Amino acid sequence: MSSAQNSDSVSHLTQREAAEIDETLMGPLGFSVDQLMELAGLSVATSIAEVYKPSEYDRVLAICGPGSNGGDGLVAARHLYHFGYKPSVCYPKRTQKPLYTGLVTQLESLSIPFLSVEDLPLDFSKDFDIIVDAMFGFSFHGTPRPPFDDLIKRLLCLHGYDQTRQKRPVIVSVDIPSGWHVEEGDIGDEGIKPDMLVSLTAPKLCAKKSSGPHHFLGGRFVPPVIADKYKLRLPPYPGTSMCVRIGKAPNVDISALRENYISPEFLEEQVESDPINQFRKWVDDAIAAGLREPNAMALSTVGKDGKPSSRMVLLKGVDRGGFVWCTNYESRKACELCDNPHASLLFYWDGLNRQVSIFLRLALFHLSTLPAGSLKMVPLFSPSLSKLESYLLDVKNQTEQFF
Ligand SMILES: NC(=O)C1=CN([C@@H]2O[C@H](COP(=O)(O)OP(=O)(O)OC[C@H]3O[C@@H](n4cnc5c(N)ncnc54)[C@H](O)[C@@H]3O)[C@@H](O)[C@H]2O)[C@H](O)CC1
Ligand SMILES: [K+]
């Protein structure tokens, strides 16, 4: 996901403009509310997934209001479920229109729990990792009426945890932080302070006052005719993404970065006796899991000066005789291997929580048996290594002959 321009260079809409754009999209431009809501809710879910991984933040509570903002929350909850989160929904003022009853049925069919306000804990901090605030969007006026006034107060209580440094759920506001004035923002500085704001179509004026670490734009459906009419300056969406970050990503404390690795048990008796077979099995798993470049490996070599260097290369083949990869014979790695045939390979399969490290030495077979530009390396654990030793002869002489 690329970062977009800073929030000052992006257009902000008044309440009236936001409503007008909505009417134009759903009038002369032929969109249906269902369509726009689906795309809006998907944008919210993908923005959340960009920042808060389900491995750490899977317990989601979507608090949904009576209007379309609430509908966006219902759609987002469904997508989050399919992304691997465990959403619950609080939807106290249900709208009896087919679009909304349909969204509720879809969530019920996924066994997503619907919690009444009374069912909800007074303190959200222990039960949830993410609160999706989908109570009010750009049609909000005045001050929140029950039961949303109380729900907003419970969100406000969460800010108290910032002082105590205890973990609290993050708040993700859909389009407008609920309770804020759509244009003036957090009047009196007494409202909720979302950690993430997902603006839809274009940010509303209140977004200028949002100082949370994450601001995303979603609703990738604005046609040029609208963008031109309202002179909208919006960041381009990267690739096929449904969301784009506005402004800079926050500075991250590197020492605090830590994934919780949860993997199935791997017992000694499950390990193949032949390490090459074990390796092949794990490569197959990485391919089956759809990981990007499962054959990518870090190759570390050490030159004449004793200084190590590493780079990523692609494995081109593996068998009992060794590991094959390609190089320009004049490259730094090839020259270093010529001086010192020892090297190590590291495969890291993120997503499977697996890595394999292999120590090898360069073996040169008749190059005609390998594709042009290839080198073959023998793992040091290989039983054939001693036999190969005699075959390798003086590696240095050979390499000089071939490079
Ligand atoms: N084109 C787009 O950008 C799209 C945006 N979407 C989302 O739709 C909302 C706007 O939806 P709308 O139905 O017009 O209004 P709200 O959801 O903001 O809420 C209206 C709802 O709330 C009640 N209400 C208003 N003020 C109060 C109050 N003080 N206390 C209690 N209740 C209040 C009012 O009676 C209504 O029932 C936009 O922000 C986006 O999130 C679409 O999903 C896609 C297209
Ligand atoms: K909201």
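These numbers were taken from a predicted model, which means no experiment stands behind them.

**Concerning the pattern of salt bridges**
If you walk through the whole model with that rule in mind, you get 14 salt bridges. In this structure, the salt-bridge partner of R59 is D129, at a minimum N-O distance of 2.8 Å. Separated by 70 residues along the polypeptide, R59 in strand β1 (residues 59-64) and D129 in the loop between α4 (98-109) and β3 (130-134) bring together distant segments of the chain. A residue is classified by how much of its surface remains accessible, and D129, at 5% relative accessible area, is buried. The partner of K281 in a salt bridge is E272, with the nearest N and O atoms 3.3 Å apart. Exposure remark for K281: the relative accessible area of 40% places this residue in the partly exposed category. Given the relative accessible area of 30%, E272 is considered partly exposed. Connected through shared salt-bridge partners, R59, D129 and K167 make up one network.

**Brief notes about the environment of P98**
By the element assignment, P98 lies in helix α4. Look at P98 and you get exposed, because its relative accessible area is 70%. As a C-alpha pair, P98 and H12 span 86 residues in sequence and 32 Å in three-dimensional space.

**A look at the pairing of strand β9 (residues 308-319)**
Of the pairings in the sheet, the one linking strand β8 (residues 296-302) to β9 comprises seven bridges and is antiparallel in character. Across the sheet, residue A296 finds its bridge partner in β9, namely L314. Counting the residues that bridge the hairpin from β8 to β9 gives five residues, and of these G306 lies at a positive phi of roughly 80°. As judged from the four bridges shared by β9 and strand β10 (residues 322-326), these two strands associate in the antiparallel manner. Within β10, the residue paired with D319 across the bridge is G322. The hairpin turn running from β9 into β10, its antiparallel successor, is two residues long.

**Digging into the site of ligand 1**
Among the 21 residues in the neighbourhood of ligand 1, the closest are listed as D72, G137, S139, D175 and T201. In the environment of ligand 1, an oxygen atom lies 2.4 Å from a nitrogen or oxygen atom belonging to the side chain of D72. In this structure, an oxygen atom belonging to ligand 1 sits 2.6 Å away from a main-chain N or O atom of G137. Protein burial of ligand 1: of its 880 Å² of free accessible surface, 84% is covered by the chains. Looking at the shell around ligand 1 element by element, the count peaks at three residues for helix α3 (residues 68-82). For the shell around ligand 1, a count of residues per class yields nine nonpolar, eight polar and four charged.

Here is what the cut-offs are and how they apply
- Residues numbered from 1 in each chain as written.
- Chains lettered and ligands numbered in written order.
- Predicted model: local features only at pLDDT ≥ 70, side-chain atom pairs only at ≥ 80, totals over all residues.
- Heavy atoms only, no water.
- Salt bridge = Lys/Arg side-chain N within 4 Å of Asp/Glu carboxyl O.
- Helix = DSSP H or I, 4+ residues; strand = E, 2+ residues; numbered from the N terminus.
- Buried < 20%, exposed > 50% of the residue type's maximum accessible area, 1.4 Å probe, protein only.
- Pairing = 2+ DSSP bridges.
- Near = heavy atom within 4 Å.
- Polar contact = N/O pair within 3.5 Å; in protein donor to acceptor, adjacent residues only side chain to side chain.
- Areas by Shrake-Rupley, 256 points an atom, 1.4 Å probe, with all protein chains shown as cover.
- Nonpolar A, V, L, I, M, F, W, Y, C, P; charged D, E, K, R; others polar.

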